[in-house]
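If you want the building blocks of each chain, they are given just below.
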Amino acid sequence: MIGYAGAVWVVLAVAISLGTRRSPLFVVLLTASSVWTADLLALAVKTGVERPRPSAHVPQADPLMGAGGWSLPSGHAATAFAGAVALAYFWRRAAPLFFLLATAIAFSRVYVGVHYPGDVLAGAALGTVVALAWVAALRLPRRSAGAPRRSGASPPAG
């Protein structure tokens, strides 16, 4: 349950940024945007794909916990990897720890019997792409409204 709605990543963003010199607002904004966008997209994909959970097709699959809805992709894996990528953007030295936690959350979904391995891989990929898109969007150069655009062409000769 640690990965529910990606809350652990938002809490980590607040805690780590308060303990460092990073602006909590920016760190939490990027992390929450990444995590919750990944969660919403995972839900949308689940609704479109409608893949049943393992317990519906595998008689030996006896989930340790109840899970409703569809299986593909894993929302927990999506939010976990989105959170790990977002936090790794700010604290690269801690990236292995963030990805270790994300992997543990994703693996736990297979371990408790509510997802197939492919579900968590798809979720991890989705979360990674979403967070990288948010990071890329925030890194785009900003132009002020009054600044003239410069072309790559050379000035006219003469």
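Residues numbered from 1 in each chain as written. Predicted model: local features only at pLDDT ≥ 70, side-chain atom pairs only at ≥ 80, totals over all residues. Heavy atoms only, no water.

## Here's the deal with the overall build of the protein chain
Heads up, the condition is: By definition, any uninterrupted DSSP run of H or I lasting at least four residues is a helix, any uninterrupted run of E lasting at least two residues is a strand, and each is numbered from the N terminus. In this scheme, a residue with accessible area under 20% of its type's maximum is buried, one over 50% is exposed, and one in between is partly exposed, where area comes from a 1.4 Å probe on protein chains only. Whether two residues are in contact is decided by their heavy atoms, any of which lying within 4.5 Å being enough. Surface accessibility follows the Shrake-Rupley procedure with a 1.4 Å probe radius. Residue values consider only the protein chains on display as shielding.
When you go through the protein chain residue by residue, the secondary structure sums to six helices and zero strands. Secondary structure elements of the protein chain, listed N to C terminal, follow the sequence α-α-α-α-α-α. Across the 158 residues that make up the protein chain, the buried fraction comes to 38%. Long-range contacts, defined here as pairs at least 24 residues apart, represent 74% of the contacts in the protein chain between residues at least 6 apart. Split by element, the accessible area of the protein chain, about 9,500 Å² in all, is 67% carbon and sulfur.

## Considerations on the packing of aromatic side chains
We count it as follows: Ring pairs shown here join Phe, Tyr and Trp side chains whose ring centres sit within 6.5 Å, with only the six-membered ring taken for Trp; geometry is labelled stacked below 30 degrees between planes, edge-to-face above 60, and tilted in between.
Evaluated as defined, the whole model comprises five aromatic pairs. When the ring of Phe90 is compared with that of Trp91, the centres are 5.8 Å apart and the planes differ by 55°; the resulting orientation is tilted. We note that Phe90, like Trp91, is buried. With a centroid separation of 6.1 Å and 35° between ring planes, the pair formed by Phe107 and Tyr111 is classed as tilted. With a gap of four residues between them, Phe107 and Tyr111 both fall in helix α5 (residues 95-111), about one helical turn apart. Residues Phe107 and Tyr111 agree in their burial class; the two are exposed. Cluster of aromatic residues (ring-pair linked, three or more members): Phe26, Tyr89, Phe90 and Trp91.

Don't take any of this as a statement about function, it's just geometry.
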